[in-house]
Amino acid sequence: MISIDRFEEILEALAEELPEQFYEELNGGILVDTGHPLHPADEHGDLYIMGEYRVDPAMGKYIVMFYGSFRRVFRGLDEAALTEEMRKVLRHEFRHHVEGRAGVRDLEVWDEEQIAAYRAQSREEDEKGQGA
């Protein structure tokens, strides 16, 4: 896995790929956190939060990318593949920002559907494990 310094370098390059307009009202910018938080819906210690768009009364609007989560989930990837995963997560979080500014919730709904599918799959796996 790459160092946190290299992670930040790649993230900076990925951020530069995006149009300036995407940054409007993103007054807190993009931050890197060394943590590896689990999603509240996690059931098996494997549903890590990779990135997060935050709106905070004190800090404003900003994106957090979790280096620790990338280390745990993508530790076997080479740099090119890891960069692509970082690009996906960063653009996902920017989409939350852009949609939030437009009053659209499409990505939030999609995220909720993904969590529902995760929970259903977890229940199915648990049921299979109990029947074995």
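Located above this text is the structure these notes cover.
Residues numbered from 1 in each chain as written. Predicted model: local features only at pLDDT ≥ 70, side-chain atom pairs only at ≥ 80, totals over all residues. Heavy atoms only, no water.

### What to know about the pattern of salt bridges
Two side chains that carry opposite charge are able to pair once their charged atoms sit near each other. This model, assessed by the stated rule, comprises 14 salt bridges. Salt-bridge contacts for Arg54 lead to Glu52; the nearest nitrogen and oxygen are separated by 2.6 Å. Look at Arg54 and you get partly exposed, because its relative accessible area is 28%. If you follow the salt bridges from partner to partner, you end up with Glu17, Glu84, Arg87 and Arg91 in one network. (Salt bridge = Lys/Arg side-chain N within 4 Å of Asp/Glu carboxyl O. Buried < 20%, exposed > 50% of the residue type's maximum accessible area, 1.4 Å probe, protein only.)

### Topic: helix α3 (residues 79-102)
If you check α3, its first and last C-alpha atoms are 34 Å apart, about what 24 residues at 1.5 Å a residue would give, namely 34 Å. For α3, the full list of buried residues reads Leu82, Thr83, Met86, Arg87, Val89, Leu90, His92, Glu93, Phe94, His96, His97 and Glu99. Where α3 starts, the residue carrying a side-chain oxygen 3.2 Å from the main-chain nitrogen of Ala80 turns out to be Asp78. Of the residues one or two after α3, Gly103 is the one with positive phi, at around 75°. (Helix = DSSP H or I, 4+ residues; strand = E, 2+ residues; numbered from the N terminus. Expected span 1.5 Å × (residues − 1). Polar contact = N/O pair within 3.5 Å; in protein donor to acceptor, adjacent residues only side chain to side chain.)

### Some remarks on helix α1 (residues 4-16)
An α-helical segment advances 3.6 residues per turn. Residues three or four places apart therefore align on the same side. In a regular helix each residue adds 1.5 Å, so 13 residues correspond to 18 Å; α1 covers 18 Å between its end C-alpha atoms and thus fits that length. Here α1 has its buried residues at Phe7, Ile10, Leu11, Leu14 and Ala15. Down the axis of α1, the smallest arc covering the buried residues is 140°, so these residues share one side. Across α1 from its buried face, at more than 90 degrees, point the exposed residues Asp5, Glu12 and Glu16. Among the structural elements, β1 (29-33), β3 (60-66), α2 (67-73) and α3 are those in contact with the buried residues of α1. (Arc of directions from axis to C-beta. Contact = heavy atoms within 4.5 Å.)

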